[in-house]
Amino acid sequence: AAYVYNLLKYMDCPEQKSDLVIGYEGDPATGEVLRALLNGRTSNGHPIHVVMFPAAQELQNCSVVYVGDDASREARRVLDNIRGRTILTVGESDPFARDGGMVALVNTGDHIRIEVNLDATQSAGIRISSRVLNLATIVRSAQNGGR
């Protein structure tokens, strides 16, 4: 939840909505923690709302879609539903960013590694601060040659 909250502060979307809606797909217990910690908070003056398991129509209203590690099978469906939209996609699985997601938060034992797919963020019109990029590993989509 802390990583997602901090990402919100360091991203810039041209179609910024008044509310920041985070759609969550994954383990219900993890989603409840995300909702408990972020729902009702604000980021850059925008109230945050967490929507659990958004339907295809609800995905269109999201500013961020977060895909938990156990929902990696669902990642492709989610990414296909929002392709071409200005929606930041964040996932926990190792191949998430190389599979077309924008930011992967990969657990490597005692810390989280951040991977950013610049091709995906740029094609969606989302800019991520150099502060995040300096901490991240930049990856390319698998169809564009991997790392």
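Draft legend 1. Main features of the side chain of T86. When you line up the elements, T86 lands in the loop between α4 (72–82) and β6 (88–91). For T86, a relative accessible area of 11% translates into the label buried. Among the polar contacts listed, one links the side chain of T86 to the backbone oxygen of A124, at a separation of 3.2 Å.

Draft legend 2. Just the pairing of strand β7 (residues 103–107), in detail. Buried residues dominate β7, accounting for four of its five residues. Pairing analysis gives two bridges linking β6 to β7, with the strands arranged parallel. Paired with G91 across the bridge in β7 is A104. Bridge count between β7 and strand β8 (residues 112–117): five bridges; the pairing is antiparallel. When the bridges of β8 are listed, N107 appears paired with I112.

Draft legend 3. Local environment of the sheet that holds strand β3 (residues 42–43). A sheet is described by the order of its strands in space; here eight strands give the open sequence β3-β4-β2-β5-β6-β7-β8-β10, paired in mixed fashion. Each edge of the sheet is formed by a strand with only one pairing partner; in this case those strands are β3 and β10 (137–139). Taken together, the four bridges between strand β2 (residues 20–25) and strand β5 (residues 64–67) define a ladder with parallel strand orientation. The partner of I22 across the bridge, within β5, is V64. Running over the sheet, helix α2 (residues 28–38) touches β2 and β4 (46–52) and is turned about 165° from β4.

Draft legend 4. The arrangement of the packing of aromatic side chains in detail. Inspection of every chain in the model, using the stated rule, returns two aromatic pairs. Arranged with centres 6.3 Å apart and planes meeting at 65°, the rings of Y24 and F53 form a pair that is edge-to-face. Placement of the pair is Y24 in strand β2 and F53 in the loop between β4 and α3 (56–59), with a sequence separation of 29 residues. The exposure class of Y24 is buried, given its relative accessible area of 0%. The class for F53 is partly exposed, based on a relative accessible area of 37%. Ring geometry for Y24 against Y66: centres 5.8 Å apart, planes inclined by 20°, an arrangement best described as stacked. With Y24 in strand β2 and Y66 in strand β5, this residue pair connects regions lying 42 residues apart in the sequence. Neither residue differs from the other here; Y24 and Y66 are each classed as buried.

Draft legend 5. Representation of the pattern of salt bridges within the structure. Counted under the stated rule, the structure contains nine salt bridges. Its salt-bridge partner being E25, residue R77 comes within 3.3 Å of it at the nearest N-O pair. Here the residue R77 occupies a position in helix α4, and E25 occupies one in strand β2, the gap between them amounting to 52 residues. Overall, the relative accessible area of 11% leaves E25 in the buried class.

Draft legend 6. Quick peek at the pairing of β8. Linking two consecutive strands that pair antiparallel, namely β7 and β8, is a turn of four residues; a positive phi of about 85° is found at G109 within it. Sheet topology note: the β8/β10 ladder contains three bridges and is parallel. Within β10, the position partnered with N117 by the bridge is V139.

Draft legend 7. Expanded view of α2. Those residues of α2 that fall on the buried side of the exposure criterion are G31, L34 and L38. Along the axis of α2, the buried residues cluster in a sector spanning 60°; they form a single face. On the buried face of α2, the contacting elements are α1 (2–9), β2 and β4. Positive backbone phi, at 90°, marks G40, one or two positions downstream of α2.

Scoring rules and cut-offs
Residues numbered from 1 in each chain as written. Predicted model: local features only at pLDDT ≥ 70, side-chain atom pairs only at ≥ 80, totals over all residues. Heavy atoms only, no water. Helix = DSSP H or I, 4+ residues; strand = E, 2+ residues; numbered from the N terminus. Buried < 20%, exposed > 50% of the residue type's maximum accessible area, 1.4 Å probe, protein only. Polar contact = N/O pair within 3.5 Å; in protein donor to acceptor, adjacent residues only side chain to side chain. Pairing = 2+ DSSP bridges. Contact = heavy atoms within 4.5 Å. Axes fitted to C-alpha atoms, helices over the stretch in contact; angles between N-to-C directions. Phe/Tyr/Trp six-rings, centres within 6.5 Å; stacked < 30°, edge-to-face > 60°. Salt bridge = Lys/Arg side-chain N within 4 Å of Asp/Glu carboxyl O. Arc of directions from axis to C-beta.

So yeah, pure geometry; function would need other evidence.
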